[in-house]
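Residue-level structural notes
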Amino acid sequence: MKKLTLLVALVMLLQMAFAGGLLTNYNHSAQYIRMLSRNASIDIDGVFYNPAGLIKMEDGWHFAFYSQSVFQTREVTTAYPLELTSTYYEGETFIPIYPDVYAVYKKNKWAFSLGIGPVAGGGTSEFSQGIPSLEIGYASAVYGLSGLGVTGYDLDMAFDAASTFWGIQLGATYAIDDKFSVYGGARLMPSSTVYQGYIKNVQLEANGETYNASDFLTSYAGTVSDLADGAFNAADNMQLIVAAGGSSYSLAQLEYAGFISSTDRAQLEGGLLALGVSQTYIDNMTASQIQETYTAAGSELETTAQTLEVASEGMEDREVDAKQKGFGITPIIGFNYSPNNDWNFAMKYEFKTKLTLENETKVDDIGLFPDGEKKVNDVPAIFAAGVGYRGLDWLEVQLSYNMYFDKDVDYGYNIRYSTNGELVHRDIDNNYWELSLGLQFNLSEKLAISVGGHRAKTGVSPEFQSDFSYSNSSHTIGGGIMWKITDKLTFDFGCSNSFYEDDTVEFADSNVGNYNETYGKKTFMLATGLSYSIF
């Protein structure tokens, strides 16, 4: 059978946070990519990282535009015992343009700022070989239909989706004195996700031939239903004999007594043989036992026919065309303390974003997006702290720490886990945290190079993980340059590479028992940006 071709961009499920927590993107400037630590920034990207520190900028207007290119690989290796089209699945994500725009107006003790960028989502993933979750149901069906001579399957599957949670951040910074400043603002989060796709042309391979799966199962269901009707008819006929006083007679005695003809006897015996009853046992069966056997067989065959009909419906072509839209608001506060010109201490708290997405569905044959249904998709609160040191002309140091309060957010249920038929909640054991260090070496007044290191530790439970959505701890390195083209115009370039720790999860399957899957990921980013000031 040919391999599946699958374009999966289920952003809601895959949750592509490229630098940040489970959902939130934290890569919002070229300076961040080249240093990986910006929580104590007093430059224009402080609009996102340290808005209370914007008061350190010169009076006037300041603007910046940054764009990133993101390359991500997702790897799923499964040990599912039944035959799938592959044991290794690789997904590729490429985002050529990932923009952020900032503007600041600073005057005396006040600074007013605007920031626009994708705070979550913003990409698609292409899995050319599919993913295990979307195949296991069909592989399991083939296993269950082996008694019908089914040995393989094939299908065409395509899902295309795009999702972006935009952040439009507005706020004001006020200097209480020369050392201490505060910030208050909010991020507006219009959110949209579009899903389009299909599963069609499902085929089964049986007895060396290939059949349309739905037609094959419908035909087989009809045949089994006819056999059930025949069994019930035989049971009804035997009931008449039982009622007439022949309940204890064997088939031979019934024929001898004239209850049945030799043809009737041959048909009844043939039916019992087809049900797996031995001839020796048939010869000793009474009319009552024969009637009970045919009744039980009819009920079993009827159930099998109904099961095949349901299976047939599950093999029919299916299509999805749905959109999810929502809007949330994130209150943000910040504090910045500079005891002198050398040191800077910053804190920021982003409150939990209450976000509900509502389905606008045209077609939903797979039942995932009922029209008008609302789904909670809250974004966790974030605490960010940073320390900056600029005491040497040739060196700038930044240390940053982030905590994502994932335990306060409901991430729903894992479709790969169930206990007694009930889906298992995607629990969070510990909040996700990040720690990073960035160094900038000033080669001259106009040119600097930088390096950075970043450690991220996820806190998800095994029940959280699946090939649809998983989280891995990681190490990231970054580097880049800053070129001050003029006193007002600055160019930044950075690149970073993230190395994720593989995570192996054990699943239980009612058909095949326990098995493992391993999830991995790699991310490479390039970023450029220009900032311009009008003093």
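Structural data are supplied above this passage.
So, a few notes on the structure that sits alongside this text. Each chain carries its own residue numbering, running from 1 in the direction its sequence is written. The predicted origin of the model limits local features to residues at a pLDDT of at least 70 and limits the giving and counting of side-chain atom pairs to 80 or more, whereas totals for whole chains, interfaces and linings rest on all residues. Computation of side-chain values covers all heavy atoms of the structure but excludes hydrogens and water.

Re the packing of aromatic side chains
Think of a pair of aromatic rings as described by two things: how far the centres are apart, and how the planes are tilted against each other in angle. Ring pairs are drawn from Phe, Tyr and Trp, using the six-membered ring of Trp, whenever the two centres fall within 6.5 Å, and their geometry is named by plane angle: stacked under 30 degrees, edge-to-face over 60, tilted for the rest. In total, this model carries 29 aromatic pairs according to the counting rule given. Aromatic side chains Tyr-26 and Phe-48 sit 5.2 Å apart centroid to centroid with 70 degrees between the ring planes, which places their arrangement in the edge-to-face category. Pair noted here: Tyr-26 is in the loop between helix H1 (11–14) and helix H2 (30–35) and Phe-48 is in helix H3 (residues 46–49), with a separation of 22 residues, a long-range link. Relative accessibility under 20% of the residue-type maximum defines a buried residue, over 50% an exposed one, and the middle range a partly exposed one, all with a 1.4 Å probe and only protein chains included. Under the relative-accessibility criterion, Tyr-26 is labelled buried at 1%. Since its relative accessible area comes to 6%, Phe-48 is described here as buried. Here the aromatic rings of Trp-343 and Tyr-389 are separated by 4.8 Å at their centres, their planes lie at 50 degrees, and the arrangement is tilted. In this pair, Trp-343 sits in strand E9 (residues 343–350) while Tyr-389 sits in strand E12 (residues 382–392), placing the two residues 46 residues apart along the sequence. In DSSP terms, a helix is any run of H or I states spanning at least four residues, a strand is any run of E spanning at least two, and both are numbered starting from the N terminus.

Some remarks on empty space enclosed by the protein
A pocket, in this scheme, is an open set of points on a 1 Å grid over the protein atoms alone with protein on both sides within 12 Å along at least 5 of 7 lines, while a cavity is a set where a 1.4 Å probe fits but cannot get out; residues line either one if an atom lies within 4 Å of a point. Grid points are joined across faces, edges and corners, and a volume is the space filled by probe spheres set on the points. This structure, assessed with the given rule, holds four cavities of 30 Å³ or more. The space that makes up the second largest cavity amounts to roughly 70 Å³. Lining the second largest cavity, in full, are His-28, Phe-48, Asp-100, Tyr-102, Gly-115, Ile-116, Gly-117, Val-119, Gly-167, Gln-169 and Arg-187. Counting residues per element, the ones that place at least two in the lining of the second largest cavity are strand E2 (88–107), strand E3 (110–121) and strand E5 (150–175). In terms of residue count, the dominant contributor to the lining of the second largest cavity is E3 (four residues).

Focus: helix H4 (residues 133–144)
Taking 1.5 Å of rise per residue, twelve residues should cover 16 Å, and H4 covers 17 Å from first to last C-alpha, within 8% of that figure. Those residues of H4 that sit buried are Ser-133, Leu-134, Glu-135, Ile-136, Tyr-138, Ala-139, Ser-140 and Val-142. A helix is expected to span 1.5 Å for every residue after the first.

Some thoughts on the nonpolar core
Nine residue types can take part in a nonpolar core, namely buried Ala, Val, Leu, Ile, Met, Phe, Trp, Tyr and Cys, and a core is a set of them joined through side-chain atoms within 4.5 Å. Judged by nonpolar contacts, the single largest core of 37 residues is most densely connected at Tyr-138, Val-150, Leu-204 and Leu-217. Residue assignment for this core shows that the elements contributing at least two residues are H4, E5, strand E6 (180–206), helix H5 (213–246), helix H9 (287–314), strand E20 (503–509) and strand E21 (513–534). No other element matches the six residues that H5 contributes to this core. Here Leu-217 is in contact with Leu-145, Leu-148, Leu-204, Leu-308, Ala-311, Ser-312 and Met-315, once residues within four sequence places are set aside. Note on definitions: a residue-residue contact is assigned when non-hydrogen atoms from the two residues lie within 4.5 Å.

Purely geometric numbers; function is a separate question.
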